[in-house]
Amino acid sequence: MLNQRIEAARPIATKIKEVETSLNLTMVQIGELMSNIAAARMAPGTRFSLTAGVDASEKLIAAAAQTARSYREVVEAHAHLAEDQQDAGLRTVSWGDGLECPPPPSGLADQDTIYPRAVPNA
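Draft legend 1. Spatial organisation of unusual backbone geometry. Look at Arg-47: it is not a glycine, yet its phi comes out positive at around 60°. The residue Arg-47 is located in the loop between α1 (2-42) and α2 (54-87) in this model.

In structure tokens, the structure reads:
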């Protein structure tokens with residue numbers, strides 16, 4: 001039953017991270033687009049008017065603000081999902097660089113049974 005809950009929750013965890021990443025990428029791309037518009041306006045010999053791209057830039061600013069609000073909403077949804085995760089009895093497990101190893105399971109007294117050891121060649 002725990003494995004079924006884990007398998008049901010796994011795509012949600014993956015997708016929420018993807019959504020957060022895509023919104024961050026969208027904000028980066030909007031900023032780059034606005035920078036490109038301003039750079040094109042200032043490029044020597046282009047003969048763009050001083051106001052070329054300003055209306056589009058204002059729309060992009062509004063889109064960036066909406067994207068930032070969307071990102072905040074998704075992060076808040078992520079927090080709610082974390083609460084649901086706890087309620088479902090699905091604890092977070094994260095073992096990786098910079099984190100201490102989890103304690104050995106209680107009931108195992110002999111440390112040699114937990115940790116790898118060299119085995120002589122046969």
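Draft legend 2. Focus on the pattern of salt bridges. Considering all chains together, one arrives at two salt bridges under this definition. A salt bridge links Glu-7 to Arg-10; the nearest nitrogen and oxygen atoms lie 2.9 Å apart. Of this pair, Glu-7 and Arg-10 are both found in helix α1, three residues apart, which corresponds to roughly one turn of the helix. For Glu-7, a relative accessible area of 48% corresponds to the partly exposed category. The salt bridge partner of Glu-18 is Lys-15, with a shortest N-O separation of 2.7 Å. Of this pair, Glu-18 and Lys-15 both sit in helix α1, three residues apart, which is roughly one turn of that helix. What makes Glu-18 partly exposed here is its relative accessible area of 40%. The exposure class assigned to Lys-15 is partly exposed, which follows from its relative accessible area of 48%.

Draft legend 3. Local environment of α2. Relative to the 50 Å expected for 34 residues at 1.5 Å per residue, α2 spans 50 Å between its end C-alpha atoms, a close match to the ideal helical length. Restricting attention to buried positions, one finds in α2 the residues Ser-57, Leu-60, Thr-67 and Val-74. Elements that come into contact with the buried residues of α2 comprise α1. Looking one or two places after α2, you find Gly-89, whose phi comes out positive at around 75°.

Draft legend 4. A look at the side chain of Thr-67. On the secondary structure map, Thr-67 appears in helix α2. Under the relative-accessibility criterion, Thr-67 is labelled buried at 10%. A distance of 2.8 Å separates the side chain of Thr-67 from the backbone oxygen of Ala-63, its partner in a polar contact. Among all residues touching Thr-67, those that are not within four sequence positions of it are Leu-23, Thr-26, Met-27 and Ile-30.

Draft legend 5. Region of the structure containing the side chain of Glu-20. Locating Glu-20 in the fold gives a position in helix α1. Buried charged residue Glu-20 carries no salt bridge. Nearest counter-charge: Lys-17, at 4.2 Å. Discounting chain neighbours no more than four positions away, the residues touching Glu-20 are Tyr-71, Val-74, Val-75 and His-78.

Draft legend 6. Representation of the environment of His-78. Secondary-structure assignment places His-78 in helix α2. In sequence terms His-78 and Ile-16 are 62 residues apart; their C-alpha atoms lie 6.8 Å from each other. With near-sequence residues (within four places) excluded, His-78 lies in contact with Ile-16, Lys-17 and Glu-20.

Draft legend 7. Region of the structure containing α1. Between its terminal C-alpha atoms α1 stretches 60 Å, which fits the 60 Å expected from 41 residues at 1.5 Å a residue. In α1, a bend of some 30° at Ala-9 exceeds every other bend along the element, and Pro-11, a proline, comes one to four places later. For α1, the set of buried residues is Ile-16, Glu-20, Leu-23, Ile-30 and Ile-37. Where α1 is buried, its residues touch α2.

Procedures and definitions
- Residues numbered from 1 in each chain as written.
- Predicted model: local features only at pLDDT ≥ 70, side-chain atom pairs only at ≥ 80, totals over all residues.
- Heavy atoms only, no water.
- Helix = DSSP H or I, 4+ residues; strand = E, 2+ residues; numbered from the N terminus.
- Salt bridge = Lys/Arg side-chain N within 4 Å of Asp/Glu carboxyl O.
- Buried < 20%, exposed > 50% of the residue type's maximum accessible area, 1.4 Å probe, protein only.
- Expected span 1.5 Å × (residues − 1).
- Contact = heavy atoms within 4.5 Å.
- Polar contact = N/O pair within 3.5 Å; in protein donor to acceptor, adjacent residues only side chain to side chain.
- Lys, Arg positive; Asp, Glu negative; His and termini not counted.
- Bend = angle between axes of the 7 residues up to and from the residue.

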